[in-house]
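# Working through the structure, step by step
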Amino acid sequence: MVDMRGIVTRFGSNLVHDGIDLAIAAGEIVALVGGSGSGKTTLLRHIIGLTRPAAGSVALFGEDLLAADGARRAALQRRFGVLFQQGALFSAFNVADNIAFPLRESRVANAAEIRDLVALKLAMVELEPEHALLMPAELSGGMVKRVALARALALEPELLLLDEPTAGLDPDRSAAFVQLIRTLQRRLGLTVVLVTHDVDTLAALATRVAVLGERRILSYASLQDTLAVEHPFIRRFFHGEHGRRALARANGEP
Amino acid sequence: MLSGSWTLRDLSTDAAVLRSRLAAVPPAAQWTLAAVERLDSFGAALLWHAWGQRWPQHLDIAAEHRQIIDELARAGARPLPRPRPFGVLDLIALLGGTLLLFLRHLTDFVRLLGTLVGDLYTVLRQPRSWPLLEISANLHKVGVKAMPVTALVGFLIGVVLSYLSALQLKAFGADIFIVNILGLGIIRELGPVLVSVLVAGRSGSAMTAQLGVMRVTEEVDALSAMGVSRSLRLVLPKVVALTLAMPLLVLWTSSVALFGGMVSAWLQLDLSFGFFLETLPRVVPIANVYIGLAKGAVFGLLIALVACHFGLRVAPNTESLSANTTASVVTAITLVILVDAVFAIATRSIGVPL
Ligand SMILES: Nc1ncnc2c1ncn2[C@@H]1O[C@H](COP(=O)(O)OP(=O)(O)OP(=O)(O)O)[C@@H](O)[C@H]1O
Ligand SMILES: [Mg+2]
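What you are looking at is a predicted structure, and each value in this text was computed from that prediction instead of being measured.

### Observations concerning empty space enclosed by the protein
- Within this structure, the stated rule accounts for four cavities of 30 Å³ or more.
- Around the largest cavity, the lining residues are L120, M124, E156, L184, R187 and L188 of chain A together with L39, D40, S41, I68 and E71 of chain B.
- When contributions to the lining of the largest cavity are tallied by element, the ones reaching two or more residues are α4 (111-124) and α6 (171-188) of chain A together with α4 (63-77) of chain B.
- Class assignment of the residues belonging to the lining of the largest cavity gives a composition of six nonpolar, one polar and four charged.

Right, dumping it as C-alpha cells:
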C-alpha cells in the first residue's frame, strides 16, 4: 500500500527525518508513535503527497503520487481518507456539507443517496442528526475530530490516515472509535495508519507499531515484539506507569 | 442476481447506468446477493434507494451485508434537519437585522474608541507599559514599506494632473498658474486622499485580516486569558502607528507628486524647477501643508480604527474573515471621503489665497 524508502526531511537546519524506510501492507493497522515533534505529522504529509521529502521516494498504491498526472493523481487521491490533527473542517460549510463535500465532488452518488450516506457517517461517529446543521466553529474539540473522521470515511477509502484520532475524545468515544475502525477493517479490509499517543487505542487496534525517534524508525514490529526492544523511548512509552496499565487492560487483566 | 464488488470505487464509472437498470427491476423480483463479494455503504445506499427504501420481499443476502444495508436504512430513517427555506418573514427579519447590525456596529465602534482612550490613559500614567516594540514594528510595516507604492502612484498622478492642466492653461496663456493648481490640489486635497485610499487597501485590509485570523485561531482569546489587554497589545499599536505614519506618508507622497508635476510642467511648459520651487511658497500658503498633515493623521486614525473594529468582529470561519476584510476597506475609504468633505467645509476660509 505504502512504500517509503530513504526519506530525508529538512526544515532549514532542522533535520527531521534521516533515512526512513517504511512499508505498509494492505489490511494492516499501523500505529505510528514517537515523541512530540518527532515528525509523525510530517511523515503522514509525505505519504499523501502534500509535501515532498528532500530525498527518498514514496510510493502509494504502488505509484509515485507526485509523479502522476492530473486525472491519475485525483483517482489515487480518492482512494485514501485523511483525518488531520486539527480536524481541518471547511469552516464555511456546516457539518453535513463537510461530510457530503467529497461525495458531491466525486459525482457518483445522487442527492438522496448522499443524504442517507451523510446520516450513516454521522451515526457511525456517534453524532446526532441535530448536529448536521452546526458550523465547525460551534463544535467542541472532540466533535470536530469526529466530523473530520466522518469526512475521511465519506469516500469509502482503502487507506485511512489518522493523525491523533482519539486525542480530545472521552474514553467511551475512544472505545467506540476503536470498535468502528475494527468493523470497517473487517468488512472492507481497510488499511489504517494512525498516529497516536494513546496506548489504549494502540493496544486495541494496531497490528504493527512503528516507533519514530532519533530521526529514523527505531522499530517496526508487532506490539509484542516492540515491547521487547531495548530503547529508552520505547521503555518510557510502553513501560511507564500509564503504558503498563493500558497494556494490562488490553490483555484483559484487572 | 447481483455479484462482484459493490463499492464506491468499483461502481464509480457506471453508477448512473446501474441505477437506472436497478430501478427497472419489478418490485416482486427475486434478489440474490449471495454472490456479492464486497459491499460498502455507497453500494448499500444505491441498492436501498433502488428498492424504494424498503426491503424487497424475496431477498437472499449474506448476514454481514444485510447488516450494512440495515445500518444505512436506520440512519436514513432519522432524517437530517434541513435548513429552513427563505420566506417573506425572513425578508422582514433581514431588514430589521440589518438595521440592528448597523446600530451594533456603531456601539461596538464607540466601545472600541472608549477602550482605547482608557488604554491611552493607562499608558500615560505608566510609561513602562507602552507597547513600543509593537508600535515600531507597525510603523515599519504601514509606513516605511508603503513608501515605494505611494511614491509610484503619487508621481504618476502628479504627471497626469500637470499634463492635463498644462494643455488647458497653455490655451489661455496662463502657464504659471500650473504652480497654484498643483500646489493647492496636491498638498491640500489629493495627497491625503490618495494616500488614504492606498493605505486603506494595503494596511487596513492587512490589519483586519491579521486580527481576524487571530480570532479564528483563538489567539485573541489566549491573550485575554493571559490577562493581556487585547486592545492595548493589538489595537493601540496599530492605531498609534498609523496615526503617526500617515502624515509622514502624506508629506512624502505629496512631495513626490509635486515632483512629478514639476517634471511634466518643465517638459510641457518649459517651466524650470527653480521657478517652480520659488513660486510654490508664494502662491500656496503654508496653512495648506498643515491641513494636509492634519488630514493625514485623522484619516490614519480612522483607517486603523475601522480595520481593528472589523478585525475583532470576525467569527471563526473563512466566510466571515473575507466579508469583514471587504467591509473594512470599503468602510474605511467611504469614511475617509466623508470626513474629507467635512474638512473641506470646516477649513474653507483657511489657506486659500484670494
Ligand atoms: N512547515 C514547517 N516548517 C518548519 N518546521 C516544521 C514545519 N512543519 C514541521 N516542522 C518541524 O518538524 C518537526 C516535526 O513536526 P511534526 O509536526 O511532524 O511533529 P509530530 O511528530 O507530528 O508532533 P506532535 O506529536 O506534537 O503532533 C518539528 O520539529 C517541527 O518544528
Ligand atoms: Mg503532529
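### Describing the confidence of the model for chain B
Residue and element names in this part refer to chain B.
- Of the residues in chain B, 100% reach a pLDDT of 70 or more, and the chain-wide mean stands at 88.
- When pLDDT is averaged over each element of chain B, helix α12 (residues 287-313) comes out on top at 94 and strand β1 (residues 3-6) at the bottom at 76.
- Taken over the whole predicted complex, pTM reads 0.75, whereas the ipTM for its chain interfaces reads 0.74.

### So, the packing of aromatic side chains
- On inspection of all chains with the given rule, the structure shows 10 aromatic pairs over all chains.
- Ring plane angle 45 degrees and centroid distance 5.7 Å describe the contact between F93 of chain A and F101 of chain A, whose orientation is recorded as tilted.
- Taking the centre distance of 6.0 Å and the plane angle of 40 degrees together, the rings of W51 of chain B and W55 of chain B count as tilted.
- By relative accessible area, W51 of chain B is classed as buried at 8%.
- We classify W55 of chain B as partly exposed; its relative accessible area is 30%.
- Each member of the aromatic cluster is reached from another via a ring pair, and the members are W31, W48, W51 and W55 of chain B.
- When the ring centre of Y220 of chain A is taken as origin, the NZ or CZ atom of R208 of chain A, which lies over that ring, is 4.1 Å away.

### What about the site of ligand 1?
Residue and element names in this part refer to chain A.
- Inspection of the region around ligand 1 gives 14 residues, with S36, G37, K40, T41 and T42 positioned closest.
- Within the contact set of ligand 1, an oxygen atom lies 3.4 Å away from a side-chain nitrogen or oxygen of N14.
- Between an oxygen atom of ligand 1 and a main-chain N or O atom of S38, the distance comes to 3.3 Å.
- Out of a free accessible area of 640 Å², ligand 1 has 60% covered by protein chains.
- If you list the elements that add at least two residues to the shell around ligand 1, you get β2 (14-24) and α1 (40-47).
- Here the element with the most residues in the shell around ligand 1 is α1; it accounts for three residues.
- Residues belonging to the shell around ligand 1 are distributed by class as follows: two nonpolar, 10 polar and two charged.

### Regarding helix α8 (residues 177-216) of chain B
Residue and element names in this part refer to chain B.
- A rise of 1.5 Å per residue sets the reference length of α8, with its 40 residues, at 58 Å; its end C-alpha atoms lie 55 Å apart and thus fit the reference within 8%.
- Along its length, α8 shows its largest kink, about 55 degrees, at I186.
- Count one or two residues on from α8 and you reach E218, which has phi positive near 65 degrees.

### Re helix α13 (residues 318-346) of chain B
Residues and elements named next belong to chain B.
- Helix length check: α13 (29 residues) gives 42 Å between terminal C-alpha atoms against 42 Å at 1.5 Å per residue, within 8%.
- What α13 keeps buried is the set S320, L321, N324, T325, S328, V329, A332, V336, D340 and F343.
- Buried residues belonging to α13 abut α8 and α12.
- Residue N317 occupies the N-cap position of α13, its side-chain oxygen lying 3.1 Å from the main-chain nitrogen of E319.

### Considerations on the sheet that holds strand β4 (residues 55-60) of chain A
Residue and element names in this part refer to chain A.
- Across the sheet, three strands lie side by side as β2-β1-β4; this open sheet has antiparallel pairing. The open sheet has two edge strands with one neighbour each: β2 and β4. If you compare each strand with its neighbour and ignore which way they point, the axes differ by 20 degrees on average.
- Taken together, the five bridges between strand β1 (residues 2-11) and β4 define a ladder with antiparallel strand orientation. By the bridge assignment for β4, V2 is matched with L60.
- Packed onto the sheet, α1 meets β1, β2 and β4 and runs at close to 125 degrees relative to β1.

Reading the values: the criteria
Residues numbered from 1 in each chain as written. Chains lettered and ligands numbered in written order. Predicted model: local features only at pLDDT ≥ 70, side-chain atom pairs only at ≥ 80, totals over all residues. Heavy atoms only, no water. 1 Å grid on protein atoms, 1.4 Å probe; cavity = no way out; pocket = protein on both sides within 12 Å on 5 of 7 lines; lining within 4 Å. Points joined across faces, edges and corners; volume = space filled by probe spheres on them. Helix = DSSP H or I, 4+ residues; strand = E, 2+ residues; numbered from the N terminus. Nonpolar A, V, L, I, M, F, W, Y, C, P; charged D, E, K, R; others polar. pLDDT = per-residue confidence, 0-100. Phe/Tyr/Trp six-rings, centres within 6.5 Å; stacked < 30°, edge-to-face > 60°. Buried < 20%, exposed > 50% of the residue type's maximum accessible area, 1.4 Å probe, protein only. Lys NZ or Arg CZ within 6 Å of the ring centre and 35° of its normal. Near = heavy atom within 4 Å. Polar contact = N/O pair within 3.5 Å; in protein donor to acceptor, adjacent residues only side chain to side chain. Areas by Shrake-Rupley, 256 points an atom, 1.4 Å probe, with all protein chains shown as cover. Expected span 1.5 Å × (residues − 1). Bend = angle between axes of the 7 residues up to and from the residue. Contact = heavy atoms within 4.5 Å. Pairing = 2+ DSSP bridges. Axes fitted to C-alpha atoms, helices over the stretch in contact; angles between N-to-C directions.

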